[in-house]
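# Fold and geometry: a report
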Amino acid sequence: MTQPPTPTADTVRRLVRSLLADGTVGAGGATGPGPEIRPAGERSTWWVGSRHVLRLAPDPETSARLRREPRLRDLVRPHIGVAVPVAVAHGEWADQLAYTLDTRLPGGSAEEHDVSAVGEADLAALLTGLREVPVRQAETLGVPRVAPRSLEALRRAAARSAGRLAPADEFDPALLQQLTPSATAQLAAQAGTAVLVHHDLRGGNLVVSADGRVRGVLDWTDAVVGDPAEDIAGLALAVGSPAAVRAATLAGYAARPCLRGLWLARCDTVVRLAQSLARRDAGPLPLLRVQLRRAWEAILLERVTELREDGEDE
């Protein structure tokens, strides 16, 4: 099997010059040195000057998701109340490997700026808007429908991981006792609740201004039609459980999906931290520890009680 090529600064520079030469990025750039090229934390994403971001798919599977992303962003843009990037050029940077050159949204990330109370309202508008996106249109674009995860299976995996974290004083396994098998049954995803889910609302994908407003959402390549609790879980990792639950409540979500999202996030952070400590490449340790702390922040609605039947106010 042929190994996919690895993008380098020279690869990016040649591609950007070709875009400049045909006038895609901006007039007058073809005869000059072109904009500054800088890696944006990983080899597949590069800053192009101060106004654009170049994203390079590393494999054919990612290419398929990257090719559909501009059309998906056009679909969600009228609904979500925050900005999404605009693609100004797209094509292939290598055989069957796609690229997209996007506008750069001004602001930092949720890892750099705290989200304010008004920013939580922005997140609520995002969650509300995602629920309003026509699911059939998203599926027509190629967005897959994904079944909800088993919270009970995740609870068992987290319990095993907690046992490995305890000797290193990374996590207290007793905290997981709040989530019992009975509770996971109550927090099973409800039928007929599938919506468009961003599925990667981590801090780096939330564009946040210095005043705490959420100004945009990046990277829609992992979007699916599925369980809305997954995006509540993502927000718990990005901005903390209390802010995530407040935003979800403002968006009209009741106790069941809020608690489901909370416990998805909590179990995920335990599993991922244990995997990373075991050198299984689950992510950078400092960020995983921060996400663990955020997910396990206490909220007012902390315990899974006897939730009312569907149709009643939770």
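Further up the page is the structure itself.
An account of the accompanying structure is given in this report. The model shown is predicted, which means the values in this text are computed figures rather than measured ones. (Residues numbered from 1 in each chain as written. Predicted model: local features only at pLDDT ≥ 70, side-chain atom pairs only at ≥ 80, totals over all residues. Heavy atoms only, no water.)

## Notes on the overall build of the protein chain
Assigned secondary structure in the protein chain consists of ten helices and ten strands. Burial statistics for the protein chain: of 314 residues in total, 49% are counted as buried. Restricting to contacts in the protein chain with at least 6 residues of sequence separation, those with at least 24 account for 74%. Total accessible area computed for the protein chain in this model is approximately 15,300 Å², and 52% of it derives from carbon and sulfur atoms. (Helix = DSSP H or I, 4+ residues; strand = E, 2+ residues; numbered from the N terminus. Buried < 20%, exposed > 50% of the residue type's maximum accessible area, 1.4 Å probe, protein only. Contact = heavy atoms within 4.5 Å. Areas by Shrake-Rupley, 256 points an atom, 1.4 Å probe, with all protein chains shown as cover.)

## A short note on the packing of aromatic side chains
If you walk through the whole model with that rule in mind, you get two aromatic pairs. A ring pair is formed by W263 and W296, whose centres lie 5.5 Å apart and whose planes are at 85°; its orientation type is edge-to-face. In this pair, W263 sits in helix α9 (residues 255-277) while W296 sits in the segment after α10 (285-295), placing the two residues 33 residues apart along the sequence. Just as W263 is buried, W296 falls in that class too. In textbook terms, an aromatic cluster arises when at least three aromatic residues are bridged by ring pairs, as seen for F171, W263 and W296. (Phe/Tyr/Trp six-rings, centres within 6.5 Å; stacked < 30°, edge-to-face > 60°.)

## A look at the sheet that holds strand β5 (residues 97-103)
Sheet strands associate in pairs through backbone hydrogen bonding, adopting either a parallel or an antiparallel arrangement. Spatially, β1-β2-β3-β5-β4 is the arrangement adopted by the five strands of the open sheet, whose pairing is antiparallel. Both edges of this open sheet fall to β1 (37-42) and β4 (87-94), since each of them pairs with a single strand only. On average, each strand axis in the sheet is inclined to that of its neighbour by 25°, with strand direction left out of account. Note that β4 and β5 share six bridges and pair antiparallel. (Pairing = 2+ DSSP bridges. Axes fitted to C-alpha atoms, helices over the stretch in contact; angles between N-to-C directions.)

## Points about the side chain of T100
Looking at where T100 falls in the secondary structure, it is placed in strand β5. Among the polar contacts made by the side chain of T100, one reaches the side chain of D102 at a distance of 2.9 Å. Contacts of T100, omitting those with residues within four sequence positions, involve V53, L54, R55, L66, P70, R73, A87, A89 and H90. (Polar contact = N/O pair within 3.5 Å; in protein donor to acceptor, adjacent residues only side chain to side chain.)

## Focus: the packing of helix α7 (residues 229-239) against helix α8 (residues 241-250)
Between two packed helices, both the angle of their axes relative to each other and the distance between the axes serve to describe the pair. Two elements in contact, α7 and α8, have axes whose closest approach is 7 Å; the angle formed by their N-to-C orientations is 140°. Classified by the interaxial angle, the pair formed by α7 and α8 is oblique. You can see that α7 and α8 cross each other, and the crossing is right-handed. Each of I232, L235, A236 and V239 in α7 lies in contact with α8, whose residues at this interface are S241, A243, A244 and A248. In terms of residue class, the contact of α7 with α8 is built from seven nonpolar, one polar and no charged. (Parallel < 35°, antiparallel > 145°, perpendicular 65-115°, else oblique. Left-handed = near helix turned anticlockwise from the far one by under 90°. Nonpolar A, V, L, I, M, F, W, Y, C, P; charged D, E, K, R; others polar.)

## A few points about α10
Note on helix geometry: an α-helix contains 3.6 residues per turn, so any two residues three or four positions apart are oriented the same way. Considered for burial, the residues of α10 that qualify are L288, Q291, L292, R294 and A295. Seen from one end, α10 has its buried residues packed into an arc of 165°, which puts them on one side. Against α7, α8 and α9 lie the buried residues of α10. (Arc of directions from axis to C-beta.)

## Observations regarding helix α2 (residues 60-80)
Over its 21 residues, α2 extends 29 Å from the first C-alpha to the last, a length consistent with the 30 Å expected when each residue adds 1.5 Å. Largest kink in α2: about 40°, centred on E69, with the proline P70 one to four residues after it. Taken together, the buried positions of α2 are occupied by T62, S63, R65, L66, R68, E69, P70, L72, R73, L75, V76 and I80. Its buried side turned inward, α2 meets β3 (52-56), β4, β5, α3 (117-132), α4 (135-140) and β7 (195-197). The N-cap of α2, judged by a side-chain oxygen 3.2 Å from the amide nitrogen of E61 a few residues on, is D59. Positive phi appears at G81, one or two residues downstream of α2, with a value of about 80°. (Expected span 1.5 Å × (residues − 1). Bend = angle between axes of the 7 residues up to and from the residue.)

## Some points on the pairing of β1
Pairing geometry for β1 and strand β2 (residues 45-48), over four bridges, is antiparallel. Looking at the pairing, R38 lines up with W47 of β2. What sits between the antiparallel neighbours β1 and β2 is a turn of two residues.

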